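# Structural characterization, general
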Amino acid sequence: MLGLKLPTDPRWVNIVEKNIEEILTDHAYCEQKATSTAISLIVSFPEYTELVQEMTKLVKEEISHFKMVHDKIIERGWVLGRDRKDDYVIQLITFFPKGGSRTQQLVHRLLYAALIEARSCERFKLLSEELEDQELSKFYRDLMVSEANHFTMFLNFARQYGEREEVDKKWQDLLSFEAQIMKNLSKKETMHG
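Residues numbered from 1 in each chain as written. Predicted model: local features only at pLDDT ≥ 70, side-chain atom pairs only at ≥ 80, totals over all residues. Heavy atoms only, no water.

## Considering the overall build of the protein
Check the secondary structure of the protein and you find 7 helices and 0 strands. Taken from N to C terminus, the helices and strands of the protein fall in the order α-α-α-α-α-α-α. Taking 16 Å as the expected radius of gyration for a compact globule of 193 residues, we find that the protein reaches 16 Å, a close match to that expectation. Counting only C-alpha atoms, the protein reaches 45 × 35 × 25 Å along its principal axes. (Helix = DSSP H or I, 4+ residues; strand = E, 2+ residues; numbered from the N terminus. Rg over C-alpha atoms; globule rule 2.2 N^0.38 Å.)

Structure, rendered in structure tokens:
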């Protein structure tokens, strides 16, 4: 369903389990960045009424996910650590050339968002199935459904606002590019890295 061309190395969960505090901090910031992305799409493309409506809902959902993750951190006696750069996203957003029409820019941003959500969904599924911590396992199983819905929404918007055949080709090319990025990741206790 997600179309990812390279699955996460299952050994990534072993890295995560050795430092749950780090993955929760990274995850919290991923939720905050997802909130910011939705706000940015509203600000950048206000003329797309349906998109604005859905992004408004997404802002509320993503910030509630941030709170849920932050609550998990507090429950465990920790504090939210500092944000760190996301090597995955930094590399991913180099794929499409800068510039182009507003519609092209929108489609590219929607495809990036769809792929980030797809990878998050895949990672949440892996965590839900492999984590020994049953509370976190259930937590990630519940969040996995949201991520899948977000992936579908972003991809559908890209197809709605762009020319379907061209968007689907860009999507497949982006998936191939992302698989190359993933070959060098899955070595840190970060949600995408």
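## With respect to the side chain of His 150
Inspection of the secondary structure puts His 150 in helix H6 (residues 134-161). Its relative accessible area of 3% is what places His 150 among the buried residues. Other than its neighbours up to four places away in sequence, His 150 contacts Leu 58, Glu 61, Glu 62, His 65 and Glu 117. (Buried < 20%, exposed > 50% of the residue type's maximum accessible area, 1.4 Å probe, protein only. Contact = heavy atoms within 4.5 Å.)

## Here we look at the nonpolar core
Leu 51, Leu 110, Leu 111, Tyr 140, Phe 154 and Trp 171 are the most contacted members of the largest nonpolar core, which has 60 residues in total. If you list the elements that add at least two residues to this core, you get helix H1 (12-17), helix H2 (20-44), helix H3 (49-75), helix H4 (87-92), helix H5 (102-130), H6 and helix H7 (164-182). Broken down by element, this core gets its largest block of residues, 14 residues, from H5. Ignoring any residue separated from it by four or fewer positions in sequence, one finds Trp 171 in contact with Leu 2, Leu 111, Ala 114, Leu 115, Phe 151 and Leu 155. (Core = buried A, V, L, I, M, F, W, Y, C linked by side-chain atoms within 4.5 Å.)

## Topic: the packing of aromatic side chains
Going through the model one piece at a time under the given rule, you end up with 9 aromatic pairs. On the basis of an interplanar angle of 70° and a centroid distance of 5.0 Å, the ring pair of Phe 95 and Phe 96 is categorised as edge-to-face. Classification of Phe 95 as partly exposed rests on a relative accessible area of 28%. Site record: aromatic cluster; members linked through ring pairs are Phe 45, Tyr 48, Phe 157 and Tyr 161. Note that Arg 123 overlies the ring of Trp 12, its terminal NZ or CZ placed 4.2 Å from the centroid. (Phe/Tyr/Trp six-rings, centres within 6.5 Å; stacked < 30°, edge-to-face > 60°. Lys NZ or Arg CZ within 6 Å of the ring centre and 35° of its normal.)

## A short note on the confidence of the model for the protein
When the pLDDT values of the protein are averaged, the result is 93; 97% of them are 70 or greater. Of all the helices and strands in the protein, H1 carries the lowest mean pLDDT, 89, while H3 carries the highest, 97. (pLDDT = per-residue confidence, 0-100.)

## As for the pattern of salt bridges
This model, assessed by the stated rule, comprises 19 salt bridges. Within the structure, one salt-bridge network assembled from shared partners comprises Lys 72, Glu 75, Arg 76, Asp 133 and Glu 135. (Salt bridge = Lys/Arg side-chain N within 4 Å of Asp/Glu carboxyl O.)

## Considerations on the layout of surface pockets
Within this model, the largest pocket holds a volume of roughly 710 Å³. Every residue lining the largest pocket is counted, 29 residues in all, and those nearest its centre are Thr 37, Val 89, Ile 93, Tyr 112 and Ile 116. Elements with a contribution of two residues or more to the lining of the largest pocket: H2, H3, H5 and H6. Of all the elements, H5 adds the most residues to the lining of the largest pocket, at 9 residues. Within the lining of the largest pocket, the residues separate by chemical class into 13 nonpolar, 8 polar and 8 charged. (1 Å grid on protein atoms, 1.4 Å probe; cavity = no way out; pocket = protein on both sides within 12 Å on 5 of 7 lines; lining within 4 Å. Points joined across faces, edges and corners; volume = space filled by probe spheres on them. Nonpolar A, V, L, I, M, F, W, Y, C, P; charged D, E, K, R; others polar.)

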